[in-house]
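# A structural walkthrough
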Amino acid sequence: MTADATTAPTIEEPAAPTVVEPRAKRKRRKLFLLLALLGALAVLVALSVWYLLFRQPIAQVLPGLPNTAMPAYSTSIYGVTRPTGIAVTADGSRIYTTSYGQERAVAILDGAGHVMGTAKAPDGVTGFVPVFVALDPLTGDLYVSERSTGRIFVYGGDGTFKRRLEVPERPGFQAVGLAFDPSGNFYFVNTGTTEAEVVEVDRSAKIVTTFGKGDKMYFPNGLAVDADGYVYVADSNNGRLLVYARDGHIVTKVGRGVGAGLLGLPRSVAIDGKNRVYVADTTGQQVSVYGAVSSPTADRLEYIGGFGTEGASDASFEYPTGVAVDGRGRIYVSDTMNDRLQVWSY
């Protein structure tokens, strides 16, 4: 049988030549991948070490990241009765809270909530009712306002009584809320005059300035000072938060109401390192959060949100009174009628 003369012979195309990547290029690529993996590992280790050392989310310190998130409930600390004022060290290792329960004293707790000691009434003081507390950023001393005498008592960080604060220019002052600014100047709300006022004194207890008279404050309580020197006052019975500039004029205020960002009975104020303002709203049963004043011409505080609700379960409050912050993104709230402190964190 003969082959079909019309069938064309099959011609195979030559295979494409194999391209062999130069050894030096392969080494560079492997080295690049290795360095990338090592870099990612280094970042992960750095973030882990940061958190272990400071217990602070990296979002707390990186600029440009959103500042609108709300903290989440972390834990509750029991063993305190009717806690009111609260202060905490920057590293969160010590918590100070006043109590008007059976033992009227300032409880000193470690970061885990274990009682380390108490700051009790000085000799000769009867009917001791501590109200608010503040920590001196330069010495670590504890300042306590006391209701029955209206005085301010100074203790060491371990609760040892040191002295009574004397302000010769205000011999009959009646102190309520207390605060320090970053430079160590001390502020207190004075209700011992015809009209309530805020008094700022220097390290020698000499008055630097006073303001607030004429603003018709009605039982003002807590106060705080931000990094730019603005002073925030919880004008409690007026249901307002007042913000003062250093020259004593009101920059802006938050009023009473039921809408978002409005207040009921604000009792205390705290400001964190991201310039967020926390207000314990006793009848509102939550902590309201605002952005701090951005300029002397600001006409309002930015309302970021609020956390907490009324009740006895976790993340619920019954008349929160005090609020404080540490330097690690944690917020401490005295949940007064639930006989506990709550810790929230970012």
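From a predicted model like this one, the values you see are computed outputs, not experimental measurements.

### Things to note about the overall build of the protein chain
For the protein chain, the count of helices and strands is one helix and 26 strands. Looking at the protein chain as a whole, 47% of its 346 residues are labelled buried. Pairs at least 24 residues apart make up 44% of the contacts formed inside the protein chain by residues separated by at least 6 positions. Carbon and sulfur atoms provide 56% of the accessible area of the protein chain, an area that totals close to 17,400 Å².

### Focus: a nonpolar patch on the surface
A cluster of nonpolar side chains, contributed by Leu31, Leu34, Leu35, Leu38 and Leu41, occupies part of the molecular surface with about 480 Å² of accessible area. Judged by its relative accessible area of 49%, Leu31 is partly exposed.

### A word on the sheet that holds strand β19 (residues 276-281)
Spatially, the four strands line up as an open sheet ordered β18-β19-β20-β21, and their pairing is antiparallel. The open sheet is flanked by β18 (266-271) and β21 (302-307), the only strands paired with a single partner. The sheet shows a mean angle of 25° between the axes of neighbouring strands, taken without regard to direction.

### Topic: the pattern of salt bridges
A side chain of one charge can pair with a side chain of the opposite charge when the charged atoms of the two come close. Summed over the entire model, instances satisfying the criterion amount to eleven salt bridges. A salt bridge links Arg164 to Glu166, with the nearest nitrogen and oxygen atoms 3.2 Å apart. Given a relative accessible area of 39%, Glu166 falls into the partly exposed group. Taken together, the shared-partner salt bridges connect Arg151, Arg164 and Glu166 into one network.

### Remarks on the packing of aromatic side chains
Under the definition given, this model contains 14 aromatic pairs. Seen from their ring centres, Phe128 and Phe153 are 6.3 Å apart, and the 50° between their planes marks the pair as tilted. Residue Phe128 is found in the loop between β5 (115-119) and β6 (130-135), and its partner Phe153 is found in strand β8 (residues 152-155); the two are separated by 25 residues along the sequence. When sorted by exposure, Phe128 lands in the same class as Phe153, which is buried. An angle of 55° between the planes, with centres 5.5 Å apart, marks the rings of Tyr290 and Tyr303 as tilted. You can see Tyr290 sitting in strand β20 (residues 286-291) and its partner Tyr303 sitting in strand β21, a full 13 residues away along the chain. Since its relative accessible area comes to 1%, Tyr290 is described here as buried. Among the aromatic residues, ring-to-ring pairing joins Tyr143, Phe173, Phe180, Phe186 and Phe188 into one connected group. The ring of Phe173 has Arg151 lying over it, and the distance from NZ or CZ to the ring centre is 4.1 Å.

### Considerations on the confidence of the model for the protein chain
Confidence in the prediction for the protein chain averages 87 pLDDT; 85% of positions are at 70 or higher. Counted against residues more than four places away or in other chains, residues 53-65, with its pLDDT under 50, gives 25 contacts.

Parameters at a glance
Residues numbered from 1 in each chain as written. Predicted model: local features only at pLDDT ≥ 70, side-chain atom pairs only at ≥ 80, totals over all residues. Heavy atoms only, no water. Helix = DSSP H or I, 4+ residues; strand = E, 2+ residues; numbered from the N terminus. Buried < 20%, exposed > 50% of the residue type's maximum accessible area, 1.4 Å probe, protein only. Contact = heavy atoms within 4.5 Å. Areas by Shrake-Rupley, 256 points an atom, 1.4 Å probe, with all protein chains shown as cover. Patch = residues over 30% accessible without salt bridge, like charges linked within 9 Å, V, L, I, M, F, W, Y side chains within 5 Å. Salt bridge = Lys/Arg side-chain N within 4 Å of Asp/Glu carboxyl O. Pairing = 2+ DSSP bridges. Axes fitted to C-alpha atoms, helices over the stretch in contact; angles between N-to-C directions. Phe/Tyr/Trp six-rings, centres within 6.5 Å; stacked < 30°, edge-to-face > 60°. Lys NZ or Arg CZ within 6 Å of the ring centre and 35° of its normal. pLDDT = per-residue confidence, 0-100.

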